Amino acid sequence: MQKDYFKDISEIKDLMNKSSRFISLSGLSGILAGCYALIGAAIAYIYFLPKQFDYSSKSTLKLEYIILDLVLIATLSIVTAIILTIKKAKSNGEKIWDATTQRLLVNFLIPLVAGGIYILIQAYQQHYGMGASLMLIFYGLALINASKFTIGNVKYLGCAELILGLICAALPGFGLYFWALGFGVLHIVYGALMLREEKRQ
Amino acid sequence: MSIIDNINKLFDHRIRLGIMSILMVNEKVNFKRLKELLEVTDGNLASHIKALEKAEYIIVEKSFIDRKPNTQYIATKLGRAEFKKHIEALEKIIKKQMK
């Protein structure tokens with residue numbers, strides 16, 4: 001009797017990996033997060049951002065509003081993602097809060113929180129120029145870091161955000177457009193792709 | 001006693017080995033999820049689950065979610081120990097083949 005025990009071992013490993021991964025975020029939450037980001041960017045563009053290359057002292061006063069705008073977008077996106085993911089997990093009879101979820105969150109939050117604090121420190125020292133690019137870069141890194149614990153193509157979304165952030169850093173003055181592209185359009189595209197995959201199953 | 005003795009006959013099947021692999025790293029797994037992961041039919045999966053249940057390697061836990069029945073499977077202490085023994089035996093065989 002000569003059985004391929006190598007195949008057994010690799011199959012065990014594969015199943016253990018696959019089964020202990022966190023359930024994927026629902027595609028709809030991606031689309032909604034993208035919409036919030038676009039609306040938030042439009043509000044910032046119309047009301048808070050200094051008009052093209054006008055860095056007078058008056059413009060610095062709006063910093064608090066921009067931060068508030070960002071916090072609102074982030075909160076809305078996160079709350080939407082949590083609600084929709086819980087709903088999806090319930091209909092699949094899966095548990096949402098387990099060891100994998102915790103690892104996912106920790107790995108996601110480390111680059112994100114570090115980046116957020118760094119950007120805030122820079123902003124309070126009146127260095128805003130790199131804000132959009134830094135947000136994209138740190139968010140991309142957070143996604144790549146968390147992707148080990150998810151199903152789906154979060155890793156590619158992370159890479160796309162990262163690349164966009166780097167391009168943004170090379171082209172000063174277009175921060176808002178890159179920000180809207182990364183947090184708005186990319187999320188919507190990613191969400192739509194995920195949604196199509198969910199429907200197919 | 002040869003190493004082959006430690007190879008567990010019950011695990012000498014792709015699906016049963018798969019069920020145990022999944023239950024080793026997950027506290028509880030339901031039928032639907034097992035089916036998805038192993039890509040097998042209902043009847044096929046049920047018969048293999050029954051075999052593992054009979055050997056007391058896994059236990060079944062029935063509950064309801066929104067009035068729909070939800071059956072979860074959990075690996076027992078015995079099942080975990082037997083699975084480890086089986087893996088160690090596989091390792092030994094592979095090491096021998098490599099020599």
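For the structure itself, look to the data block above.
Residues numbered from 1 in each chain as written. Chains lettered and ligands numbered in written order. Predicted model: local features only at pLDDT ≥ 70, side-chain atom pairs only at ≥ 80, totals over all residues. Heavy atoms only, no water.

1. Thoughts on the packing of aromatic side chains
Residues and elements named next belong to chain A.
- A full pass over the atoms with the stated rule returns eight aromatic pairs over all chains.
- Each ring, one from phenylalanine 108 and one from tyrosine 139, has its centre 6.4 Å from the other, and the planes form 80 degrees; the classification is edge-to-face. Here phenylalanine 108 is found in helix α4 (residues 99–124), whereas its partner tyrosine 139 is found in helix α5 (residues 131–146), with 31 residues between them in sequence.
- Residue tyrosine 139 is classed as buried on the basis of its relative accessible area, which comes to 13%.
- Grouping aromatic residues by their ring pairs yields a cluster made of Phe108, Tyr139, Trp179 and Phe183. (Phe/Tyr/Trp six-rings, centres within 6.5 Å; stacked < 30°, edge-to-face > 60°. Helix = DSSP H or I, 4+ residues; strand = E, 2+ residues; numbered from the N terminus. Buried < 20%, exposed > 50% of the residue type's maximum accessible area, 1.4 Å probe, protein only.)

2. Thoughts on the pairing of strand β2 (residues 58–65) of chain B
Residue and element names in this part refer to chain B.
- Bridge analysis of β2 against strand β3 (residues 68–75) gives eight bridges, and the strand direction is antiparallel. Considered in β3, the bridge of phenylalanine 64 is made with proline 69.
- As consecutive antiparallel partners, β2 and β3 are separated by two residues, and within that stretch aspartate 66 has a phi angle of approximately 50 degrees, a positive value. (Pairing = 2+ DSSP bridges.)

3. Re the pattern of salt bridges
- Overall, the coordinates contain five salt bridges over all chains when judged by the stated rule.
- A:Glu11 serves as the salt-bridge partner of B:Arg14, at 2.5 Å between the closest nitrogen and oxygen. On the criterion of chain membership, the pair formed by B:Arg14 in helix α1 (residues 14–25) and A:Glu11 in helix α1 (residues 5–19) is interchain, its members lying in two chains.
- Residue A:Glu11 is classed as partly exposed on the basis of its relative accessible area of 22%.
- For B:Glu36, the salt bridge identified is with B:Arg33, shortest N-O distance 3.9 Å. (Salt bridge = Lys/Arg side-chain N within 4 Å of Asp/Glu carboxyl O.)

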